[in-house]
There are 2 protein chains.
Amino acid sequence: MFASSSLNLPSLGSSHPPSVPESKPKYPSPSAISLQTKAEAPYEPDSEPQAWKLKGSGSPQLKRWSRARALRSGRKLDRPGLRSSVAEVDRQIPVKKTADTEPNNATGSDGESDAAATAAKSIYMVSDGTGWTAEHSVNAALGQFEHCLVDRGCPVHTHMFSGIDDVERLMEIVKQAAKEGAMVAYTLADPSMAESARQACKLWGIPSTDILGPITEAIASHLGVSPSGLPRGAPGRSFPLSDDYFRRIEAIEFTIKQDDGALPQNLNKADIILAGVSRTGKTPLSIYLAQKGYKVANVPIVMGVELPKMLFQVDPEKVFGLTISPVVLQTIRRARAKSLGFTEEVRSNYSEMDYVREELEFARRVFAQNPVWPVIEVTGKAIEETSAVILRLYQDRKHRCSMPRISKRY
Amino acid sequence: MFASSSLNLPSLGSSHPPSVPESKPKYPSPSAISLQTKAEAPYEPDSEPQAWKLKGSGSPQLKRWSRARALRSGRKLDRPGLRSSVAEVDRQIPVKKTADTEPNNATGSDGESDAAATAAKSIYMVSDGTGWTAEHSVNAALGQFEHCLVDRGCPVHTHMFSGIDDVERLMEIVKQAAKEGAMVAYTLADPSMAESARQACKLWGIPSTDILGPITEAIASHLGVSPSGLPRGAPGRSFPLSDDYFRRIEAIEFTIKQDDGALPQNLNKADIILAGVSRTGKTPLSIYLAQKGYKVANVPIVMGVELPKMLFQVDPEKVFGLTISPVVLQTIRRARAKSLGFTEEVRSNYSEMDYVREELEFARRVFAQNPVWPVIEVTGKAIEETSAVILRLYQDRKHRCSMPRISKRY
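What counts as what
- Residues numbered from 1 in each chain as written.
- Chains lettered and ligands numbered in written order.
- Predicted model: local features only at pLDDT ≥ 70, side-chain atom pairs only at ≥ 80, totals over all residues.
- Heavy atoms only, no water.
- Helix = DSSP H or I, 4+ residues; strand = E, 2+ residues; numbered from the N terminus.
- Buried < 20%, exposed > 50% of the residue type's maximum accessible area, 1.4 Å probe, protein only.
- Contact = heavy atoms within 4.5 Å.
- Areas by Shrake-Rupley, 256 points an atom, 1.4 Å probe, with all protein chains shown as cover.
- Pairing = 2+ DSSP bridges.
- Axes fitted to C-alpha atoms, helices over the stretch in contact; angles between N-to-C directions.
- Phe/Tyr/Trp six-rings, centres within 6.5 Å; stacked < 30°, edge-to-face > 60°.
- Lys NZ or Arg CZ within 6 Å of the ring centre and 35° of its normal.
- Salt bridge = Lys/Arg side-chain N within 4 Å of Asp/Glu carboxyl O.
- Parallel < 35°, antiparallel > 145°, perpendicular 65-115°, else oblique.
- Left-handed = near helix turned anticlockwise from the far one by under 90°.
- Nonpolar A, V, L, I, M, F, W, Y, C, P; charged D, E, K, R; others polar.
- Expected span 1.5 Å × (residues − 1).
- pLDDT = per-residue confidence, 0-100.
- Core = buried A, V, L, I, M, F, W, Y, C linked by side-chain atoms within 4.5 Å.
- Polar contact = N/O pair within 3.5 Å; in protein donor to acceptor, adjacent residues only side chain to side chain.

**Student:** Would you mind going over the overall build of chain A with me for this structure?
**Tutor:** Broken down by element type, chain A carries 15 helices and 9 strands. For chain A, the residues scored as buried account for 59% of the 410 residues in total. Within chain A, contacts between residues separated by at least 24 positions form 78% of all contacts whose residues are at least 6 apart in sequence. Summed over all atoms, the accessible surface of chain A reaches about 16,300 Å², with 55% contributed by carbon and sulfur.

Below, the structure written as structure tokens:
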């Protein structure tokens, strides 16, 4: 139902064993760079070395696609020749691991072999702030490669380096990226840091992307104001205790207190009320919306249990029903019952198909009696998707405009 | 303490009144486009029309900065000449509002006048998915303009159009952006939609940015695999009920149950435990970390109240202390006491400076007795920043690597 990857869930305890250089790399002098470029530059999209060929990679179609996209976007294709001859040799040598790497680095939680881990392609994210923007963008972009990630045909490991605010650490990371054959995606507010990253990646033949540069430039031109160049958290940046701050904290606290049908007398204080049977994702959805500043209450629909009267007394325009396919619901409930250690009896009542269907039918009748409530189908939707649907409807009903949108003032 | 803007909090009830075109615009035929380009193209960064000049805009420094950045990035500067002459005229005509706009559109919740609202610059975000990536990126980029946004010297309104999956609606939005003098930032997975947006914006003289295009291309080259071109939620995209999905839902539910010192017997089941006095942001921080898949418990430190024994029996490496400046804490507590309607007596005990200092000193002694617990200073930090610090330390302690990073497998 929900794509866990879509909310950037780290795989706890299954991190890629970090590879550590044998000696601490130094900030390269210009003369050193040209040597390193030859010795370490591993990236050549148009002549992918045999040792690194993965399922579906390097096809003529892809090369054409890749070249066409690159040309169309104005990005220069990597210079062939010089580096392609050394790339293969370099990539076949696994990065040496030092003793201080994670002890259980041979297998991840999903039992991947070390060989598979070595074959994974790395993406380095470097930020002078929290790195969450880089993580969010890379995660969204990786969504475009689900067809090859899901079955682990082409595993990807991301590594986030946050709070990088001096050029020496930046260069260490870039050099490590070169050793690992990683690509680098960065969000660096200080223009000189961004420029250093760009140049170092270029010199070492590492593919790199400045994630926020283009949008920041476009906004600067649009507003006619220069960006501050200060990373979030820099002393010059202000964090006023605004009304928004207090409103958001309040929304989160309200939503936690109202979880799972608690305090029905407060339903009228909620901005949004979610109603649905157990395991339609009411709680994570409520929390996601609360983080966006909405006070959310959720009310479970349980067959044979009367719904709180208040639910039918509040403005019906703020109530949203959730529904789901019975087959998917049963799968989720079975997993849930197992993880909670339900007894056999409770488990079958909760997750057996007849009961699941009856309960969904009970919910359907409740929704039919309240035709103003929109009913959202959550099967196959990520939490963010369901929340986007709800907020579009919420804003649309509130503002009654001809082009549905979610607007915000800065 | 926390920047509300940093978690994309919508200003509830203070949305910009949407401007609606008088008649439904049609998808432009090639012959129509050239006419519209002349009539409506409003954007010319190097000759910002006088009517739209805001504080600090259009300075020679900015122009140089902007031009240098543009040249360096390989982006073409907009062609001067043709459009600068019509832009001024066009921008001075306020967009006509139709009757179906928000009734109370003259003033926002902060009492801004209609004139100020008209002077605000708009940013349109267009997505074929949820739009959250565009929102996140634009919000992060706007962080670079806090110096002019905070005092409302240059107000910005963002408008998100999510779930835009056909070219007609896309063209309506682009045309509306041209009318409003907005810029357009888009995340469109389908290459033909992205290309349509790019071309239409170019033809109508609208500054536009493809937020995910460059990073998606870079990843495609890096992996040697073409992107799917399918928006999230498209029928061809899969959302498996993965272990990660269940782990994340469990983390959120666990964290809610453990909020504010509840169920101390479960502290050993938490991945991360936060300890701090009231109003150091334990709850929103816990929720933020839970959304990333960590089971979090938080334990309030209250002067004169004994802390749960379990706190000192768990692995001390997973406990984090939070501290804050007494002045900021007092400000937050006063606002909190007011919003909760505390009586005068309770209020002074809770928020008066002597008490605040004593309680922080009490917490400091607890932390000093548990030297393994890192103590995080949250003053002036956004929730994401504090969480980045905590997760860096958490991962670092777990993996003991020489280059602290947060790694993840796809």
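**Student:** Looking at this structure, I do not really get the sheet that holds strand 4 (residues 208-210) of chain A. What am I missing?
**Tutor:** The strands making up a sheet associate through hydrogen bonds between their backbones, and the pairing can be parallel or antiparallel. Pairing is mixed in the open sheet, where 5 strands are placed in the order 4(A)-3(A)-1(A)-2(A)-9(B). Looking at strand neighbours, the two that pair on one side only are strand 4 of chain A together with strand 9 (406-409) of chain B, the edges of this open sheet. Strand-to-strand twist of the sheet, defined as the mean angle between neighbouring strand axes without regard to direction, takes the value 15°. Bridge analysis of strand 1 (residues 121-127) of chain A against strand 3 (residues 183-187) of chain A gives 5 bridges, and the strand direction is parallel. Paired with A:Y124 across the bridge in strand 3 of chain A is A:V184.

**Student:** So what exactly am I meant to see when it comes to the packing of aromatic side chains here?
**Tutor:** Geometrically, a pair of aromatic rings is defined through the distance of the ring centres and the angle of the planes. Inspection of the entire model under this criterion finds 11 aromatic pairs over all chains. With a centroid separation of 4.9 Å and 40° between ring planes, the pair formed by B:Y124 and B:F161 is classed as tilted. Of the two residues, B:Y124 is situated in strand 1 (residues 121-127) and B:F161 in strand 2 (residues 156-161); the sequence distance between them amounts to 37 residues. Overall, B:Y124 belongs to the buried group, its relative accessible area being 0%. On the basis of an interplanar angle of 85° and a centroid distance of 5.5 Å, the ring pair of B:Y294 and B:Y394 is categorised as edge-to-face. Taken together, the residues B:Y294 in the loop between helix 11 (282-291) and strand 6 (296-300) and B:Y394 in helix 15 (residues 383-399) connect sequence positions 100 residues apart. We note that B:Y294, like B:Y394, is buried. For the cation-ring pair, A:R333 lies above A:Y350, with the distance from its terminal atom to the ring centre recorded as 4.7 Å.

**Student:** Which parts of the structure should I look at to understand the sheet that holds strand 6 (residues 296-300) of chain A?
**Tutor:** Residue and element names in this part refer to chain A. If you trace the 4 strands from one edge of the open sheet to the other, you get 6-5-7-8, paired in parallel fashion. Whereas interior strands pair on both sides, the edge strands pair on one side only; in this sheet they are strand 6 and strand 8 (375-377). Sheet twist, expressed as the average angle between the axes of neighbouring strands with direction ignored, equals 30°. Taken together, the 3 bridges between strand 7 (residues 319-323) and strand 8 define a ladder with parallel strand orientation. Its bridge partner lying in strand 8, T323 is registered against E377. Strand contacts of helix 11 (residues 282-291): strand 5 (272-276), strand 6 and strand 7, with the helix running at about 170° to strand 6, the strand carrying the most contacts.

**Student:** Explanation requested: the pattern of salt bridges in the structure shown.
**Tutor:** Pairing is possible between side chains of opposite charge, provided their charged atoms come close. Residues and elements named next belong to chain A. In this structure the tally under the stated criterion is 26 salt bridges over all chains. A salt bridge links R198 to E195, with the shortest nitrogen-to-oxygen separation between them at 2.9 Å. With a gap of 3 residues between them, R198 and E195 both fall in helix 8 (residues 191-203), about one helical turn apart. The class for E195 is buried, based on a relative accessible area of 16%.

**Student:** Could you clarify how one ought to interpret unusual backbone geometry in this entry?
**Tutor:** Most of the time, phi is negative for any residue but glycine, and the peptide bond is trans. All names here are of chain B. You will see that L263, though not glycine, has its phi angle at about 45°, which is positive. Mapping L263 onto the fold places it in the loop between helix 10 (243-257) and strand 5 (272-276). Even without a glycine there, the phi angle at R279 is positive, about 70°. By secondary structure assignment, the location of R279 is in the loop between strand 5 and helix 11.

**Student:** What should I look at first to understand the packing of helix 10 (residues 243-257) of chain A against helix 11 of chain A in this one?
**Tutor:** The axes of two packed helices give the description: the angle between them and the distance between them. Residues and elements named next belong to chain A. The geometry of helix 10 relative to helix 11 is characterised by a closest axis approach of 8 Å and an angle of 165° between their N-to-C directions. Here helix 11 runs roughly antiparallel to helix 10, going by the angle between their axes. Judged by the sense of rotation from one axis to the other, the crossing of helix 10 with helix 11 is right-handed. For the pair helix 10 and helix 11, the contacting residues are R248, A251, I252, T255 and I256 in the first and S286, I287, A290 and Q291 in the second. Classifying every residue of the contact of helix 10 with helix 11 by side-chain character gives 5 nonpolar, 3 polar and 1 charged.

**Student:** Help me out: how do you make sense of helix 15 (residues 383-399) of chain A in this one?
**Tutor:** All names here are of chain A. Given a rise of 1.5 Å per residue, 17 residues ought to cover 24 Å, and the 24 Å separating the end C-alpha atoms of helix 15 matches this to within 8%. Across the 17 residues that make up helix 15, a large majority, 13, are buried. Trailing helix 15 by a residue or two, R400 shows a phi angle of about 45°, which is positive.

**Student:** What am I meant to see in the pairing of strand 1 of chain A here?
**Tutor:** A regular strand places its side chains so that they alternate between the two faces of the sheet. Burial runs high along strand 1 of chain A: 7 of the 7 residues are buried. Residues A:K121, A:I123, A:M125 and A:S127 line one face of strand 1 of chain A and the alternating positions A:S122, A:Y124 and A:V126 line the opposite face, and both faces are buried.

**Student:** What's the story with the confidence of the model for chain A in this structure? I'm lost.
**Tutor:** Predicted coordinates in areas of low pLDDT are best not read in detail. The share of residues in chain A with pLDDT of 70 or more is 69%, and the mean pLDDT across the chain is 76. Confidence drops under pLDDT 50 across residues 1-117 of chain A; counting only partners more than four residues distant or on other chains, this segment forms 240 contacts.

**Student:** Please explain the nonpolar core as it appears in this structure.
**Tutor:** What tends to happen in soluble globular proteins is that the nonpolar side chains get buried as a cluster. Among the nonpolar cores identified, the biggest contains 138 residues, and A:I272 and B:I272 are the most heavily contacted of them. When near neighbours in sequence (up to four residues on either side) are disregarded, A:I272 contacts A:L289, A:Y294, A:K295, A:V296, A:A297, A:K318, A:F320, A:I390, A:L391 and A:Y394.

**Student:** Help me out: how do you make sense of the side chain of B:T209 in this one?
**Tutor:** Locating B:T209 in the fold gives a position in strand 4 (residues 208-210). Dropping the residues within four chain positions of it, B:T209 is found in contact with A:P214, A:I215, A:A218, B:M183, B:V184, B:A185 and B:Y186.

**Student:** In this structure, what is going on with the environment of A:W132? I would like to understand it.
**Tutor:** Considering the arrangement of structural elements, one finds A:W132 in helix 5 (residues 132-142). With 30 residues separating them along the chain, A:W132 and A:S162 place their C-alpha atoms 8.6 Å apart. Once residues lying within four places of it in the same chain are set aside, the contact partners of A:W132 are A:M160, B:H136, B:Y288, B:K292, B:E384, B:S387, B:A388, B:L391 and B:I406. Separated by 3.4 Å, the side chains of A:W132 and B:S387 make a polar contact.

**Student:** Would you mind showing me how to read the pairing of strand 5 of chain A here?
**Tutor:** All names here are of chain A. For strand 5, the buried fraction is high: 5 of the 5 residues fall into the buried class. Burial along strand 5 is two-sided: the face carrying I272, L274 and G276 and the face carrying I273 and A275 are both buried. Where strand 5 and strand 6 come together, 5 bridges link them in parallel fashion. Paired with G276 across the bridge in strand 6 is P300. As defined by bridge partners, strand 5 adjoins strand 7 across 3 bridges and the pair is classed as parallel. Residue L274 lies in a different strand from strand 7, and its bridge partner there is F320.

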